[in-house]
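Each chain, written out:
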Amino acid sequence: MPKQVDHQQRRAQIAEAVCRLTAQHGLDAVSLRQVAAEAGVSMGRVQHYFTTKDEMLLFAFRTISEQVEQRMRAAALTPGETSGPHELLRAMLLEMLPLSEQAKVEAPVLAAFLARAVVAPDLADFLATDAGRLREFVAAQIGGVQPAATLEAAMLLALVDGLMLQLLTGQIDEPTALATLDHHLNRIFGTATRQHPTVSSPTNS
């Protein structure tokens, strides 16, 4: 196996350990030593790839963000009843909510990283770049480069972030989250309120 591929796999193994620890105990429980124990590797192995905790966390954050992005792309490419922007955005945004089993595992980790980004510039910079690309894509589906479309995209993504946190903390249930998302999408696209099938486990998870 090529050496570079082996390095990538080892870094991914460490990132997975970071995510497991974060999901179970929060970011406060994450250290280079604890991650080494969780990954079943030596402390030296972890330090070979990551010299600081923040460097390790940034890589783990990027890894889990890429997993969510891959699911969103798969959802957008899956044929549905129609191929319009309304349905495309709905399918994608559902992947950002903790509805499927995989998303329910990832969402608490993402929430922990988002909180840390407030005081971690590297995480914040990555998040801003990633969010900017997604906002531009959503705006393009809504109405191109019009200022109103950009604002609608920002509002819609802020709504989804809020729904994710409220689902995680039990403030709302899944039907309420889905109804709220559909209400806003119907308003944006000027469509009459319609019934969507209840989605508790997206097919592209």
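Residues numbered from 1 in each chain as written. Predicted model: local features only at pLDDT ≥ 70, side-chain atom pairs only at ≥ 80, totals over all residues. Heavy atoms only, no water.

Labelled according to an unreviewed UniProt entry, the protein chain appears under the name HTH-type transcriptional regulator PksA, originating from Amycolatopsis taiwanensis.

Quick question: what am I supposed to make of the overall build of the protein chain here?
Regarding its fold elements, the protein chain presents 9 helices and 0 strands. Going from the N terminus to the C terminus, the protein chain shows its helices and strands as α-α-α-α-α-α-α-α-α. Taking all 205 residues of the protein chain together, the buried fraction comes to 40%. Considering only intrachain contacts with a sequence separation of at least 6, the fraction spanning at least 24 residues in the protein chain is 67%. For the protein chain, the accessible surface area stands at approximately 11100 Å², while carbon and sulfur atoms represent 55% of it. (Helix = DSSP H or I, 4+ residues; strand = E, 2+ residues; numbered from the N terminus. Buried < 20%, exposed > 50% of the residue type's maximum accessible area, 1.4 Å probe, protein only. Contact = heavy atoms within 4.5 Å. Areas by Shrake-Rupley, 256 points an atom, 1.4 Å probe, with all protein chains shown as cover.)

Looking at this model, I keep getting lost on helix α6 (residues 101-117). Mind explaining?
Because each turn of an α-helix spans 3.6 residues, side chains separated by three or four positions in sequence point in the same direction. Between its terminal C-alpha atoms α6 stretches 25 Å, which fits the 24 Å expected from 17 residues at 1.5 Å a residue. At Ala 107, α6 shows its largest kink, close to 25 degrees, and the proline Pro 108 lies no more than four residues downstream. Ala 103, Glu 106, Ala 107, Val 109, Leu 110, Ala 111, Ala 112, Phe 113 and Ala 117 are the residues of α6 that are buried. (Expected span 1.5 Å × (residues − 1). Bend = angle between axes of the 7 residues up to and from the residue.)

Explanation requested: the UniProt feature "DNA-binding region" (unreviewed entry) in the protein chain in the structure shown.
Under the feature "DNA-binding region" (unreviewed entry), the UniProt entry names residues 31-50. Spanning residues 31-50, this segment combines 75% helix with 0% strand, and its end C-alpha atoms are found 11 Å apart. (UniProt positions renumbered as here; feature names shortened; annotations may be inferred.)

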